[in-house]
Every structure is written in structure tokens, then in C-alpha cells.
Amino acid sequence: MFDELINKLKNDTYITLETTPSHSPIFSPIIETIAELGLDKLVDGFTTTDNPLAKLKYNSLFAAKMLQDRFHKPVIATMSMRDRNKIALQSDLLGSNEVDVRAILALTGDPATISDQPHTKGVFEADSTLLLDIISCFNSGIDYAGKPFTCKPREVYPFAVINSYAKNPKTLQKKMQKKIKHGAIGIITQPIYDIQSAKLLLELKESTEHSSSAELIFGIFPITKLRTAQFLSAHVPGINVPNYWIEALRVANEKGAQEEYRVGFELSKKLFEDLKALHPKIHLMTANQFQIAKDILI
């Protein structure tokens, strides 16, 4: 299952779909929605998020296990450095290894200060490269302290993230280089909204050392509302929403919600097709708006 995913990442068209577990003790409604829409037949795999924005959600590893069992497709489970120390990180990896949750997206995580849980403190023993290093140790049959396991874990596949925009492109390149150096085989970008930005990211990646050991994966987050475009542009670092997107949505917004949605969807669909033609390695994020995901993919 994972071998096929990695082979598609390196040699073929690759599409994953993000799922965000909810503030609930059950994940099955999300699974049922995916099944009803037939989305499992349109993607190569899924990802599960890990308490994004430091808001309490269902566990990403358990969610990944449930998705894999239902659809028999690989899932990349996010693990945040915010919530775990070295012991917890390794313990979670050991447990997930036996149940075949073996693709991990290493994330530093949003600050605990914005959590919906009172007086939450972030762990942050290091940034996401520590988790990448731990995975490297596991793949060598040892823990982070260098102690051999009684049984060598099955291979773990490490993924990482990167911003899609920076005023200084060299900043992005250094971050790419760092993630590749620490073993990431796939680097998922923040949402991209400009084909020129995508081309620049590819150029930066190709000029890094050992660039062939990792693939760049373009993140896409469809925008169908003006307020979403304005929020991403003004408040989310590392994302650049072009002015023409915002202007087109502003004009459409004045004509009503239906026109606003139509214009936003058409911009998003064209972006998906253009990115797929340029570099067919895509990670689709829709905040669980799975009908939009299907409309984009078909």
C-alpha cells in the first residue's frame, strides 16, 4: 500500500485529500461522507490533521487507521511537535507502526496560546526536524537514544511541509534543504494560488542538494468566498493570494453568493488543472467540504 503511494509520488500522478477530524469522539461520519461521494476512487491516499490551530480534535493516528481499514488506501497521519515530547512521539510511532499507520507528516504546530483549551502549554522540544530524525532512527532499528528495538519497526515514510510564498525565495530554499537533509521524502506546500509561484518553488527545490531524494507536493485550498481570500491573504503567513483573485471575488460578491461561489470555484478548478499539468503531485485541502473536493477532482 505505501510502496504504491511512494512510487506514484516519484513516478506518476499523485493526489491526496486532507481530512480534518472533528471535535467529537467519532470519526465515522467523515468516512461515510467520503464513501458516499466516492472520493476514495478519485485519490491515491488521504491525510489526517493533528489538532490544527491548537483546537481539540479527534486523534489523527486513530483517524488514519480507520480510513485505511475502510478504503484500503494509505493515509499520511500528521504529528505535531506542539503536543508531544520525545517519549510520546516515539511511543505513538511504535504503536502506529504495528497497525500499519506508517506515513507521517511532521509538523511543528500552531502555538498553544491560540488553543481552545484553557491554560494550554506547548511542548515544542524542537521543530519538526526532530520528528524527522526520530523516524530516521526508527528506520535504522533504534530509538532516538540509540537503543536497538527488540524488533525492528517496519519502514516509516516521513513527509514535511513548507510555505508556498516568501518575500525572499532563498528563505524557502533553505527550509526545503533542511527538510530534505533530515529525511523528508515528500514536502507539501501551503496552498498555492499562482502558477508562477509554483514554478519558482520547483526551481528552488531542483537547485537544492540531494533534490532527487524528495518530491514537492503542491497544496491546493479552493477559495469560493471573498472573506476566505481576504483572511488567507492578510492573516496566514506563507500564503500569497493574488490581487486578481481577490478583485474577481469582490466583483462577484456584489452580484450575490451564487455568483461568488461560481467565480471562486472556476478560479480554483483552473488552478488545479494548471498545477496538475505543470507537476502532477497535488495535496487537496477543503476543510472537510468534500463536495467541493469531488467537483474539483472530476
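What you see as residue numbers is a count from 1 along each chain, following the sequence as written. Restriction of local features to residues with pLDDT of at least 70 applies here, the model being predicted, together with a cutoff of 80 or more for giving and counting side-chain atom pairs; totals for whole chains, interfaces and linings are based on all residues. For the side-chain quantities, the full set of heavy atoms in the structure was used; hydrogens and water were omitted.

Draft legend 1. Broad picture of the sheet that holds strand S4 (residues 103-107). Two strands pair under a simple rule: DSSP has to find at least two bridges between them. Numbering goes from the N terminus for both helices and strands, where a helix is a DSSP run of H or I of at least four residues and a strand is a run of E of at least two. Spatial ordering of the closed barrel is given by S1-S2-S3-S4-S5-S6-S7-S8, a layout of 8 strands whose pairing is parallel. Neighbouring strand axes in the sheet, compared pairwise and without regard to direction, differ in orientation by 30 degrees on average. Bridging between strand S1 (residues 14-19) and strand S2 (residues 45-48) involves 4 bridges; their strand directions are parallel. Counterpart to Leu17 in the pairing with S2 is Phe46. In this analysis, two residues are considered to be in contact whenever any of their non-hydrogen atoms come within 4.5 Å of each other. Each axis is a line fitted through C-alpha atoms, taken for helices only over the stretch in contact, and angles between the N-to-C directions span 0 to 180 degrees. Of the strands in this sheet, strand S6 (186-191) and strand S7 (215-220) are in contact with helix H7 (residues 195-206), which crosses S7 at around 160 degrees. In this fold helix H10 (residues 257-278) packs onto S1, S7 and strand S8 (281-284), with an angle of close to 175 degrees to the strand it touches most, S7.

Draft legend 2. Local environment of the packing of helix H8 (residues 226-235) against helix H9 (residues 243-253). The interhelical angle for the contact between H8 and H9, taken along N-to-C directions, is 150 degrees, at an axis separation of 9 Å. The orientation of H8 with respect to H9, classified from their angle, is roughly antiparallel. In terms of crossing hand, the pair formed by H8 and H9 is left-handed. Across the interface between the two elements, Leu226, Ala229, Gln230 and Ser233 from H8 touch Ile246, Leu249, Arg250 and Asn253 from H9. Tallied by class, residues from the contact of H8 with H9 come to 4 nonpolar, 3 polar and 1 charged. Here roughly perpendicular refers to angles of 65 to 115 degrees, roughly parallel to angles under 35, roughly antiparallel to angles over 145, and oblique to all remaining angles. By convention, the crossing between two helices is left-handed when the near helix turns anticlockwise from the far helix through less than a right angle, and right-handed when the turn is clockwise. Gly counts as polar in this scheme, as do all residues outside two lists: the nonpolar Ala, Val, Leu, Ile, Met, Phe, Trp, Tyr, Cys and Pro, and the charged Asp, Glu, Lys and Arg.

Draft legend 3. Spatial organisation of the nonpolar core. With 71 residues, the main nonpolar core has Ile104, Leu131, Tyr193 and Val241 as its most contacted residues. Here this core gets 6 residues from one element, more than from any other, and that element is helix H5 (residues 128-139). To define a nonpolar core, start from buried Ala, Val, Leu, Ile, Met, Phe, Trp, Tyr and Cys residues and group those joined through side-chain atoms within 4.5 Å. Only protein chains enter the accessibility calculation, which uses a 1.4 Å probe; a residue is then buried when its area is under 20% of its type maximum, exposed when over 50%, and partly exposed in between. Residues Leu9, Ile76, Leu105 and Ile185 belong to the second largest nonpolar core, which totals 13 residues.

Draft legend 4. Quick look at unusual backbone geometry. The phi dihedral of His119 is positive, around 55 degrees, even though this residue is not glycine. For His119, the position within the fold is in the loop between S4 and H5. For Asn288, which is not a glycine, the phi torsion comes out positive at approximately 65 degrees.

Draft legend 5. Layout of the pattern of salt bridges. By definition, a salt bridge exists where a carboxyl oxygen of Asp or Glu is found within 4 Å of a side-chain nitrogen of Lys or Arg. Tallied over the full model, the rule gives 18 salt bridges. Measuring nitrogen to oxygen at the nearest pair gives 2.7 Å for the salt bridge that ties Asp100 to Arg102. Across the pair, Arg102 and Asp100 agree in class, each one buried. A salt bridge links Lys269 to Glu273, with the shortest nitrogen-to-oxygen separation between them at 3.7 Å. Remark: Glu273 and Lys269 occur in helix H10; sequence separation between them is 4 residues, near one turn of the helix. Relative accessible area serves as the criterion here: at 37%, Glu273 is assigned to the partly exposed category. One salt-bridge network, held together by shared partners, links Lys8, Asp12 and Asp44.

Draft legend 6. Broad picture of the environment of Ser60. Relative to the helices and strands, Ser60 resides in helix H3 (residues 60-71). Overall, Ser60 belongs to the buried group, its relative accessible area being 0%. Sequence spacing of Ser60 and Thr16 is 44 residues, and the spatial spacing of their C-alpha atoms is 16 Å. Discounting chain neighbours no more than four positions away, the residues touching Ser60 are Thr48, Thr49, Asp50, Ala77 and Thr78.

Draft legend 7. A look at the packing of helix H2 (residues 28-37) against helix H11 (residues 290-297). Close contact between H2 and H11 brings their axes to 10 Å; oriented N to C, the two are set at 30 degrees. The orientation of H2 relative to H11 falls into the category roughly parallel. Viewed along their axes, H2 and H11 form a crossing whose handedness is right-handed. Contact residues: Ile30, Thr33, Ile34 and Leu37 in H2; Phe290, Gln291 and Lys294 in H11. Across the contact of H2 with H11, the residue classes tally to 4 nonpolar, 2 polar and 1 charged.

Draft legend 8. Local environment of helix H1 (residues 2-11). Taken as a whole, H1 has its buried residues at Phe2, Leu5, Ile6, Lys8 and Leu9. For H1, the buried positions fall inside an angular range of 160 degrees around the axis, keeping them on one side. For H1, the exposed residues lying more than 90 degrees away from the buried face are Asp3, Glu4 and Asn11. As used here, the arc is the angular range of directions from the helix axis to the C-beta atoms.

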